[in-house]
Amino acid sequence: MLGKVNHIAIAVPDLVQATAAYRDTLGARVSQSQALPEHGVTVVFVELPNTKVELLEPLGADSPIAAFLAKNPDGGMHHICYEVEDILDARDQLKAAGARVLGNGEPKIGAHGKPVLFLHPKDFFGTLIELEQL
Ligand SMILES: CC[C@H](C(=O)O)C(=O)SCCNC(=O)CCNC(=O)[C@H](O)C(C)(C)COP(=O)(O)OP(=O)(O)OC[C@H]1O[C@@H](n2cnc3c(N)ncnc32)[C@H](O)[C@@H]1OP(=O)(O)O
Ligand SMILES: [Co+2]
């Protein structure tokens with residue numbers, strides 16, 4: 001089921017500051033920011049030779065990462081995104097195995113313009129998993 005790691009996500013309290021740290025202190029190439037109101041976040045992607053790091057900050061009053069940042073005010077590792085060949089097939093297999101698919105179970109379009117789904121962190125060793133359709 002799982003393909004490559006598409007990205008590792010870090011929730012940050014200040015995206016401008018985090019972008020500068022990755023660009024200037026770590027010397028990485030960082031994308032322009034993308035506001036994703038339908039996901040309640042603004043993101044940038046740190047482009048790496050073998051994968052990406054997604055830096056995300058809350059956007060709007062109902063951001064799904066607000067509670068995470070309240071618990072982790074300095075920021076922290078938020079999720080890991082795996083690529084899958086067929087996200088609906090993966091979803092159905094995971095639901096049949098008893099895993100909780102977050103939201104209404106229907107994929108939404110993510111930052112890369114591809115369908116994504118999220119799996120509950122409590123089902124996967126305290127790690128929020130995002131699946132992105134190849
Ligand atoms: C799709 C656009 C973009 C992209 O890559 O293209 C993105 O990645 S957007 C990323 C932001 N969107 C999401 O994260 C959507 C999925 N997330 C959720 O639905 C919620 O964040 C959820 C359900 C994972 C947690 O919601 P909330 O924090 O409000 O609930 P609780 O506080 O009750 O948390 C329950 C329980 O889970 C622990 N938790 C929460 N978030 C995480 C996390 N990121 N990693 C690990 N564990 C997490 C939380 O501490 C609670 O544990 P407990 O022991 O009960 O305290
Ligand atoms: Co993501």
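Refer to the structure above for everything that follows.
Overview of the structure. Nothing here was measured: the structure is a model prediction, and the numbers come from that model.

Time to look at the side chain of E83. Structurally, E83 is set in strand β6 (residues 76–84). Of the polar contacts made by the side chain of E83, one reaches the side chain of N6; its length is 2.8 Å. Those residues within four positions of E83 in sequence are excluded, and the remaining contacts are M1, L2, G3, K4, N6, E132 and L134.

Protein coordination at the cobalt ion (ligand 2) comes from H7 (NE2), E54 (OE), H79 (NE2) and E130 (OE), with a distance range of 2.1 to 2.4 Å. If you look at the cobalt ion (ligand 2), its six donor atoms make angles of 77 to 169° with each other, and the shape they trace is octahedral. Mapped onto the sequence, the donors of the cobalt ion (ligand 2) take the spacing H-x46-E-x24-H-x50-E. Taken as a pair, H7 in strand β1 (residues 2–11) and H79 in strand β6 lie far apart in primary sequence, 72 residues in all. Judged on exposure class, the residue H7 and its partner H79 are both buried.

Note: strand β7 (residues 108–109) against strand β8 (residues 115–119), two bridges, orientation antiparallel. Across the sheet, I109 pairs through a bridge with P115, a residue of β8. The pairing of β8 with strand β9 (residues 128–133) spans four bridges and is antiparallel. Within β9, the residue paired with F118 across the bridge is E130.

The next point concerns the pairing of strand β5 (residues 52–58). The element β5 is extensively covered by neighbouring structure, given that five of its seven residues are classed as buried. With seven bridges connecting them, strand β4 (residues 41–47) and β5 associate as antiparallel partners. Looking at β5, one finds that T42 is bridged to E57. In this structure, the hairpin formed by β4 and β5 is closed by a connection of four residues.

Attention now moves to unusual backbone geometry. The phi dihedral of F125 is positive, around 60°, even though this residue is not glycine. Inspection of the secondary structure puts F125 in the loop between β8 and β9. Residue class for F125 comes out exposed when judged on its relative accessible area of 79%.

Residues of helix α1 (residues 15–25) that are buried: L15, A18 and T19. Mapping the buried residues of α1 onto a view down its axis gives an arc of 100°, with all of them on the same face. Exposed residues pointing more than 90 degrees away from the buried face of α1 are listed as V16, Q17, D24 and T25. Buried-residue contacts for α1 involve β2 (29–30), β4 and β5. The N-cap of α1, judged by a side-chain oxygen 3.0 Å from the amide nitrogen of V16 a few residues on, is D14.

Definitions and limits used
- Residues numbered from 1 in each chain as written.
- Chains lettered and ligands numbered in written order.
- Predicted model: local features only at pLDDT ≥ 70, side-chain atom pairs only at ≥ 80, totals over all residues.
- Heavy atoms only, no water.
- Helix = DSSP H or I, 4+ residues; strand = E, 2+ residues; numbered from the N terminus.
- Polar contact = N/O pair within 3.5 Å; in protein donor to acceptor, adjacent residues only side chain to side chain.
- Contact = heavy atoms within 4.5 Å.
- Donors = N, O, S within 2.8 Å, 3.2 Å for Na, K, Ca; no water.
- Tetrahedral: all angles 85-135°; square planar, octahedral: opposite > 155°, others 65-115°.
- Buried < 20%, exposed > 50% of the residue type's maximum accessible area, 1.4 Å probe, protein only.
- Pairing = 2+ DSSP bridges.
- Arc of directions from axis to C-beta.

None of the figures reported here should be taken as evidence of function without further support.
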